[in-house]
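Descriptive structure summary
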Amino acid sequence: MSDAPTKRILLAAPRGYCAGVDRAVVAVEKALDHYGAPVYVRKEIVHNKYVVETLTERGAIFVNETDEVPEGARVIFSAHGVSPAVHAQAAARNLDTIDATCPLVTKVHKEAVRFANDDYDILLIGHEGHEEVEGTAGEAPEHIQLVDGPDAVDAVTVRDPDKVVWLSQTTLSVDETMETVRRLRERFPNLADPPSDDICYATQNRQVAVKKISPHADVVIVVGSANSSNSVRLVEVALETGAGAAYRVDRAAELREEWFDGVTTVGLTSGASVPEILVRDVIDHLATLGFGDVEEVRTATEDLMFSLPRELRADLKKAGQPTKRPRQLDLRPV
Ligand code: 0K2
Ligand code: SF4
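Please read all numbers here as calculations on a predicted model, not as lab measurements.

Describing the packing of aromatic side chains
For the structure shown, the criterion picks out four aromatic pairs. One aromatic cluster in this structure is built from Y247, W259, F260 and F291. Its end group placed over the ring of Y35, R74 keeps NZ or CZ at 3.4 Å from the ring centre. We note R114 situated over the ring of F115; from NZ or CZ to the ring centre the distance is 4.8 Å.

Encoded structure:
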């Protein structure tokens, strides 16, 4: 009998699709079914290559800005949200819009508007150039300044240090954000907190789950695309919490055999924009390398589900089409 240790996979749960991504992707699918192709989508509906490629094959046309959409056509706004200026541009072109902004991003937009109306300086913690941050900042550009991590804190200047609040992008590292807030508060002791967590439940849950497996994993694989903030954060969190190594892949074909030399335990997770089929492919690929034993490590159960965007629901209802869909999130027996 061999004494070789069992090669195993620790599979993080929750992982993969969150409620906002599920809603946005289903919105594009239902729009294609209901209105027929093409359906225009401003920016990637979610930051996942496979999702974008699959929807493109079905007739979605992804554009960067609304001026690329023919006058009067239908356009879907991505899960990451848009600024009021984008709504105005779409209205000026007479576009039929379906807003697939995640309700938890909209919540942050509303917080920004409220604090701007109360004349606060708003310090928005987030990554420069990310679509979500552009959308949120666009709600009150005169009041909002971006703080891109702890090292950006020293450069912040405000009008009144006693009237400052921080808000954040929904998909950041919780620990790094808390460090940014700590440093901000050193400078502005009366800094106000957001009324509730801006980093959303899904981002938090996926980080907690990867933290649980990382100390036991020689290598952690995160499935997710390079432009997916929450997926990239999972790689960082894995490395910070004890993983021997951590890599992000879009798909199984990107796994390199040398990553698994001498490895006994592989940790596996996926970002909030990643379909489970891509994780399954990685599991199948790892099985060919001897990692046949899969143990799911669950740190939370998720049952949140959002209804489809209002405009789409109304059209489906008028046509007598179902507006509800079967619950399928986070119900994935291994
Ligand atoms: O993590 P990101 O914000 O870059 O976006 P995705 O990878 O598309 O994940 C879904 C989050 C969308 C909005 O919060
Ligand atoms: Fe919404 Fe969070 Fe998912 Fe973003 S990651 S779409 S905020 S649930």
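Quick word on the site of ligand 2
Taken together, C18, G20, V21, C102, L104, V105, T170, T171, C200 and Y201 are the residues near ligand 2. Cavity membership is defined here by more than half of the atoms lying within 2 Å of grid points; on that basis ligand 2 lies in the largest cavity. Residue assignment for the shell around ligand 2 shows that the elements contributing at least two residues are α1 (19–35) and α4 (103–117). Classifying every residue of the shell around ligand 2 by side-chain character gives seven nonpolar, three polar and no charged.

Considering the pairing of strand β10 (residues 246–249)
The pairing of strand β9 (residues 219–223) with β10 spans four bridges and is classified as parallel. Bridge pairing links V220 to A246 in β10. Regarding the hand of the β-α-β motif, the stretch spanning β9, helix α8 (residues 229–240) and β10 is right-handed.

A word on the site of ligand 1
In the vicinity of ligand 1, 15 residues are found, and the nearest of them are H47, S228, S229, N230 and S273. Between ligand 1 and T170 there is a distance of 3.1 Å, counted from an oxygen atom to a side-chain nitrogen or oxygen. Relative to its free-state accessible area of 360 Å², ligand 1 is covered by the protein chains to the extent of 96%. When atom positions are compared with the pocket grids, ligand 1 is found to occupy the largest cavity. Here the residues of the shell around ligand 1 sort into four nonpolar, 10 polar and one charged.

Re the sheet that holds strand β11 (residues 265–270)
The sheet built from five strands is open, its strands ordered β10-β9-β11-β1-β12 with parallel pairing. With partners counted over all chains shown, the strands left at the sheet margins are β10 and β12 (293–298), one partner each. Strand-to-strand twist in this sheet, taken as the mean axis angle between neighbours without regard to direction, amounts to 25 degrees. Pairing of β9 with β11 involves five bridges; the strand directions are parallel. Bridge pairing in β11 places I221 opposite L268. Seen against the sheet, α8 touches β9, β10 and β11 and runs at an angle of roughly 165 degrees to β10. Lying over the sheet, helix α9 (residues 276–288) contacts β1 (8–13), β9, β11 and β12, oriented at roughly 165 degrees with respect to β11.

A few points about the sheet that holds strand β2 (residues 39–42)
With parallel pairing, four strands are arranged side by side in an open sheet as β3-β2-β4-β5. A single partner strand is all that each edge strand has here, and the edge strands are β3 (60–63) and β5 (96–99). Strand-to-strand, the axes of this sheet are offset by a mean angle of 30 degrees, without reference to chain direction. Relative to β3, β2 runs parallel, the two sharing four bridges. Within β3, the residue paired with R42 across the bridge is V63. Along the sheet, helix α3 (residues 84–92) makes contact with β2, β4 (74–77) and β5, crossing β4 at roughly 175 degrees.

Some remarks on helix α2 (residues 49–57)
Buried residues of α2: V51, V52 and L55, and no others. Burial along α2 is one-sided: seen end-on, the buried residues are contained in an arc of 95 degrees. Against α1 and β3 lie the buried residues of α2. Looking at where α2 begins, the residue whose side-chain oxygen comes 3.1 Å from the main-chain nitrogen of Y50 is N48. Looking one or two residues beyond α2, the residue adopting positive phi is G59, at roughly 115 degrees.

Quick word on the environment of F306
Structurally, the position occupied by F306 is in the loop between β12 and α10 (310–318). When sequence neighbours within four positions are dropped, the list of residues in contact with F306 reads A19, G20, R23, C102, P103, L104 and R325.

What about the pattern of salt bridges?
All chains considered together, the criterion is met by 23 salt bridges. Across the pair R183 and E179 runs a salt bridge whose closest N-O atoms are separated by 3.1 Å. Separated by four residues within a single helix, R183 and E179 lie in helix α6 (residues 174–187), roughly one turn from each other. For R183, a relative accessible area of 28% gives the class partly exposed. Across the pair E296 and R298 runs a salt bridge, and its minimum N-O distance is 3.6 Å. Note on E296: relative accessible area 30%, which makes it partly exposed. When its relative accessible area of 35% is taken as the criterion, R298 is described as partly exposed.

What counts and what doesn't
- Residues numbered from 1 in each chain as written.
- Chains lettered and ligands numbered in written order.
- Predicted model: local features only at pLDDT ≥ 70, side-chain atom pairs only at ≥ 80, totals over all residues.
- Heavy atoms only, no water.
- Phe/Tyr/Trp six-rings, centres within 6.5 Å; stacked < 30°, edge-to-face > 60°.
- Lys NZ or Arg CZ within 6 Å of the ring centre and 35° of its normal.
- Near = heavy atom within 4 Å.
- 1 Å grid on protein atoms, 1.4 Å probe; cavity = no way out; pocket = protein on both sides within 12 Å on 5 of 7 lines; lining within 4 Å.
- Sits in = over half its atoms within 2 Å of the grid points.
- Helix = DSSP H or I, 4+ residues; strand = E, 2+ residues; numbered from the N terminus.
- Nonpolar A, V, L, I, M, F, W, Y, C, P; charged D, E, K, R; others polar.
- Pairing = 2+ DSSP bridges.
- Right-handed = clockwise from strand over helix to strand, strands pointing away.
- Polar contact = N/O pair within 3.5 Å; in protein donor to acceptor, adjacent residues only side chain to side chain.
- Areas by Shrake-Rupley, 256 points an atom, 1.4 Å probe, with all protein chains shown as cover.
- Axes fitted to C-alpha atoms, helices over the stretch in contact; angles between N-to-C directions.
- Contact = heavy atoms within 4.5 Å.
- Buried < 20%, exposed > 50% of the residue type's maximum accessible area, 1.4 Å probe, protein only.
- Arc of directions from axis to C-beta.
- Salt bridge = Lys/Arg side-chain N within 4 Å of Asp/Glu carboxyl O.

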